[in-house]
Amino acid sequence: MPTLPWITPNPATPGTSAVVMASRFEVRSLVDVPRFFLKSLAVWRQLRNTPGALGGSLIARPLRRTFYTLSAWESREALNAFAAAEPHRSVMRGLRATMKESTFTFWQTPVEQLPITWADAHARLDAERARAAAPTTDR
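Here, residues in each chain are numbered from 1, in the same order as that chain's written sequence. For this predicted model, a pLDDT threshold of at least 70 governs which residues receive local features, and a threshold of 80 or more governs which side-chain atom pairs are given and counted, while totals over whole chains, interfaces and linings are taken from all residues. Side-chain numbers come from the whole structure's heavy atoms, not from hydrogens or water.

1. A word on the environment of Ser57
- Its place among the elements puts Ser57 in strand 3 (residues 53–61).
- Considered as a pair, Ser57 and Thr136 are 79 residues apart in the sequence and their alpha carbons are 33 Å apart.
- At 2.6 Å, the side chain of Ser57 forms a polar contact with the backbone oxygen of Leu4. Secondary structure counts use DSSP, requiring at least four H or I residues in a row for a helix and at least two E residues in a row for a strand, with both numbered from the N terminus. The definition of a polar contact used here is a pair of N or O atoms within 3.5 Å, where within protein one atom must be able to donate a hydrogen and the other to accept one, and adjacent residues in sequence count solely through side-chain atom pairs.

2. Things to note about the pattern of salt bridges
- A pair is scored as a salt bridge if a Lys or Arg side-chain nitrogen falls within 4 Å of a carboxyl oxygen belonging to Asp or Glu. Under the counting rule described, the total for this entry stands at eight salt bridges.
- A salt bridge links Arg65 to Glu26, with the shortest nitrogen-to-oxygen separation between them at 2.8 Å. Residue Arg65 is located in the loop between strand 3 and strand 4 (66–73), and its partner Glu26 is located in strand 2 (residues 17–27); the two are separated by 39 residues in the primary sequence.
- Relative accessible area decides the class of each residue, using a 1.4 Å probe on protein chains only: under 20% of the type maximum gives buried, over 50% gives exposed, and in between gives partly exposed. With relative accessibility at 9%, the residue Glu26 sits in the buried group.
- Arg131 is the salt-bridge partner of Glu128, the closest N and O atoms lying 2.6 Å from each other. Here Glu128 pairs with Arg131, and both are found in helix 4 (residues 118–133), just three residues apart, close to one helical turn.
- Judged by relative accessible area, Arg131 falls into the exposed class, the value being 54%.
- One continuous salt-bridge network, built from bridges that share partners, spans Arg24, Glu26, Arg65, Lys100, Glu101 and Arg129.

Written as structure tokens, this is what we have:
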């Protein structure tokens, strides 16, 4: 499946910073892939019409049962409002049982550096997954 290319729902204010979120979702079974993909398209449509959304992209790797999202926001509050709004809220609740693994990472970047590259997003997600998998030492 192709990557849904970066879209820019709202223009960024020059000289400001964007909150960037990258996510990786792995579903439990190939049977779950079509449902996850169709539900993600509803969230994609929501993103296109959300105040504060500065950009977004999606990669679907159905044979690997893996989906990646990348989005940029004018603030953490705008991102949180999007996540709490419909259809995102219901979609995420409804898909929870199909999830094998999820990874999220957040960072800030000057808006002049948008769109974020997928290479950067994948590197940050890989680092977050490695950090989460590393054993912790309690002293």
